[in-house]
Amino acid sequence: HMEMPFMGTVSIDDFHYGTTAAVAGGTTCLLDFVIPGRGQSLVEAYKEWERKAVPKINCDIGFHMAVTWFGDQVLEEMGTLAKEYG
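Let us look at the structure shown here. Remember, predicted model here, so these are calculated numbers, not experimental data. (Residues numbered from 1 in each chain as written. Predicted model: local features only at pLDDT ≥ 70, side-chain atom pairs only at ≥ 80, totals over all residues. Heavy atoms only, no water.)

1. Things to note about the nonpolar core
Counting residues in each nonpolar core, the largest one holds 16 residues, and the members touching the most others are Phe15, Leu30, Val34, Tyr46, Trp49, Phe63 and Leu81. Elements represented by at least two residues in this core include exactly helix H1 (15-24), strand S3 (29-34), helix H2 (42-53) and helix H3 (72-85). Broken down by element, the residue count for this core peaks at six residues, all from H2. Setting aside its immediate chain neighbours within four residues, Val34 contacts Ala45, Tyr46, Trp49, Phe63, His64, Met65 and Ala66. (Core = buried A, V, L, I, M, F, W, Y, C linked by side-chain atoms within 4.5 Å. Buried < 20%, exposed > 50% of the residue type's maximum accessible area, 1.4 Å probe, protein only. Helix = DSSP H or I, 4+ residues; strand = E, 2+ residues; numbered from the N terminus. Contact = heavy atoms within 4.5 Å.)

2. Quick look at the side chain of Asp32
When you line up the elements, Asp32 lands in strand S3. Buried charge without a salt bridge: Asp32, with Lys52 as the nearest opposite-charge side chain at an N-O distance of 6.9 Å. There is a polar contact of 3.1 Å between the side chain of Asp32 and the backbone nitrogen of Met2. Among residues more than four places away in sequence, those in contact with Asp32 are His1, Met2, Phe15, Trp49, Gly62, Phe63 and His64. (Lys, Arg positive; Asp, Glu negative; His and termini not counted. Salt bridge = Lys/Arg side-chain N within 4 Å of Asp/Glu carboxyl O. Polar contact = N/O pair within 3.5 Å; in protein donor to acceptor, adjacent residues only side chain to side chain.)

3. Details of the layout of surface pockets
Space inside the largest pocket adds up to approximately 210 Å³. Looking at the largest pocket, the residues that line it are Leu42, Tyr46, Phe63, His64, Met65, Val67, Met78, Leu81, Ala82, Tyr85 and Gly86. If you list the elements that add at least two residues to the lining of the largest pocket, you get H2, strand S4 (60-65) and H3. With four residues, the single largest contributor to the lining of the largest pocket is H3. In terms of residue class, the lining of the largest pocket is made up of nine nonpolar, two polar and no charged. (1 Å grid on protein atoms, 1.4 Å probe; cavity = no way out; pocket = protein on both sides within 12 Å on 5 of 7 lines; lining within 4 Å. Points joined across faces, edges and corners; volume = space filled by probe spheres on them. Nonpolar A, V, L, I, M, F, W, Y, C, P; charged D, E, K, R; others polar.)

4. Quick look at the environment of Glu44
For Glu44, the position within the fold is in helix H2. Here Glu44 falls in the partly exposed class, since its relative accessible area comes to 44%. Note: C-alpha distance between Glu44 and Gly71 (27 residues apart in sequence) is 16 Å.

5. A closer look at the packing of aromatic side chains
For the coordinates displayed, the defined rule picks out two aromatic pairs. With a centroid separation of 5.5 Å and 80 degrees between ring planes, the pair formed by Tyr46 and Phe63 is classed as edge-to-face. Of this pair, Tyr46 sits in helix H2 while Phe63 sits in strand S4; the two residues are 17 residues apart in sequence, bridging distant segments of the chain. Residue Tyr46 is classed as buried on the basis of its relative accessible area, which comes to 13%. Grouped by ring-pair contacts, the aromatic residues Tyr46, Phe63 and Tyr85 constitute a single cluster. Between Lys52 and the ring centre of Trp49, over which it is positioned, the NZ or CZ distance is 3.8 Å. (Phe/Tyr/Trp six-rings, centres within 6.5 Å; stacked < 30°, edge-to-face > 60°. Lys NZ or Arg CZ within 6 Å of the ring centre and 35° of its normal.)

Below is the structure:
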């Protein structure tokens, strides 16, 4: 969990150090959570995580989405994320 917010703190490993450690251990792809805030657009949260990660990564990355709330917007954006962002 890179740069993951939790109970008012953020995990110590950022995308640079986390992916560097992954590569040192022989891992070539890291999957990390995207955790939207309550009421936040899933697409917006995905783009935010991508902006944080991409400048710092040293290996391939992918994201999986935490669904932190549900409504019509989330249902629609789940399709958008699958079709347009993979």
